[in-house]
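# Report on the structure
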Amino acid sequence: MGLFGGIFGNSDNKDTNTSAVKWNDLTEIKQLDEIVAESAQTPVIIFKHSTRCGISRMALKGFEGNYSIGEEHAKPYYLDLLNHRDISNEIANRFGVMHQSPQVLVIKNGVAVYNESHGDIDANEVKGRL
């Protein structure tokens, strides 16, 4: 691994084996209907990640490293933006947020009650919004 790989990590995919987050992959637009329905019972977290961006990788690692939300308190979804830009565009339309990358959203009762991007992504702040 080169110098930047050591600093930013491998950006090809998420680190599910070392993460405290039990991600649910968001890979189809129809899942957004399920997310809206689920959010009536349990808040949903969506993390939009660009797998080739060092800043996005740093935000994801920081979020995962500070994540301490139990499965009963929120359901986290992971969106790979490079493979599913159409879903990101639909998230922007459906929840009334401007597309950014990286970006985290909290959905409650079908509404985005919180969203942040880049260096403002903070797992503790997300936890406080649940």
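Residues numbered from 1 in each chain as written. Predicted model: local features only at pLDDT ≥ 70, side-chain atom pairs only at ≥ 80, totals over all residues. Heavy atoms only, no water.

### A look at the packing of aromatic side chains
All chains considered together, the criterion is met by five aromatic pairs. On the basis of an interplanar angle of 55 degrees and a centroid distance of 5.5 Å, the ring pair of Phe-63 and Tyr-67 is categorised as tilted. Taken individually, Phe-63 and Tyr-67 each receive the classification buried, so the pair is uniform in this respect. Through a chain of ring-to-ring contacts, three or more aromatic side chains come together here, namely Trp-23, Phe-47, Phe-63, Tyr-67 and Tyr-78. (Phe/Tyr/Trp six-rings, centres within 6.5 Å; stacked < 30°, edge-to-face > 60°. Buried < 20%, exposed > 50% of the residue type's maximum accessible area, 1.4 Å probe, protein only.)

### With respect to unusual backbone geometry
Put simply, Ser-101 and Pro-102 share a cis peptide bond, and its omega is -5 degrees. Among the structural elements, Pro-102 can be located in the loop between α4 (85-95) and β4 (103-108). One non-glycine residue, Asn-109, lies in the positive phi region at around 50 degrees. Tracing the chain through its elements places Asn-109 in the loop between β4 and β5 (111-117). Exposure remark for Asn-109: the relative accessible area of 59% places this residue in the exposed category. (Helix = DSSP H or I, 4+ residues; strand = E, 2+ residues; numbered from the N terminus.)

### Some details on the confidence of the model for the protein
Chain-level pLDDT for the protein is 89 on average; 86% of the residues reach the 70-or-more range. Considering only residues more than four positions removed or in separate chains, one finds that residues 1-13, a stretch of pLDDT under 50, has 17 contacts. (pLDDT = per-residue confidence, 0-100. Contact = heavy atoms within 4.5 Å.)

### Focus: the nonpolar core
Of all hydrophobic cores here, the largest spans 17 residues; its most connected members are Trp-23, Ile-45, Phe-47, Phe-63, Val-104 and Val-126. Broken down by element, the residue count for this core peaks at three residues, all from helix α3 (residues 54-66). In terms of nonpolar packing, the next biggest core, distinct from the first, is built from 15 residues, Leu-32, Tyr-77, Ile-91 and Phe-95 among them. (Core = buried A, V, L, I, M, F, W, Y, C linked by side-chain atoms within 4.5 Å.)

### Comments concerning the sheet that holds β5
Here five strands make up an open sheet; going across it, the order is β1-β3-β2-β4-β5 and the pairing mixed. Edge positions in the open sheet fall to β1 (24-25) and β5, since each of these has one partner strand only. Judged from the six bridges that link them, strand β2 (residues 44-49) and strand β3 (residues 75-80) form a sheet pairing that is parallel. By the bridge assignment for β3, Ile-46 is matched with Tyr-77. Packed on one face of the sheet, α3 meets β2, β3 and β4 and runs near 150 degrees to β2. (Pairing = 2+ DSSP bridges. Axes fitted to C-alpha atoms, helices over the stretch in contact; angles between N-to-C directions.)

### Notes on the pattern of salt bridges
Taken as a whole and judged by the stated rule, the model has six salt bridges. Taking the shortest distance from any N to any O, the salt bridge between Arg-94 and Glu-90 comes out at 3.5 Å. Residue Arg-94 and its partner Glu-90 are located together in helix α4, separated by four residues, close to a single helical turn. Residue Arg-94 is classed as partly exposed on the basis of its relative accessible area of 30%. Connected through salt bridges with shared partners, the residues Asp-33, Glu-90 and Arg-94 form a single ionic network. (Salt bridge = Lys/Arg side-chain N within 4 Å of Asp/Glu carboxyl O.)

### Digging into the environment of Tyr-77
Position of Tyr-77 relative to the elements: it lies in strand β3. Since its relative accessible area comes to 3%, Tyr-77 is described here as buried. Every residue in contact with Tyr-77, bar those within four places of it in the chain, is listed here: Trp-23, Asn-24, Asp-25, Leu-26, Gln-31, Ile-35, Glu-38, Val-44, Ile-45, Ile-46 and Phe-47.

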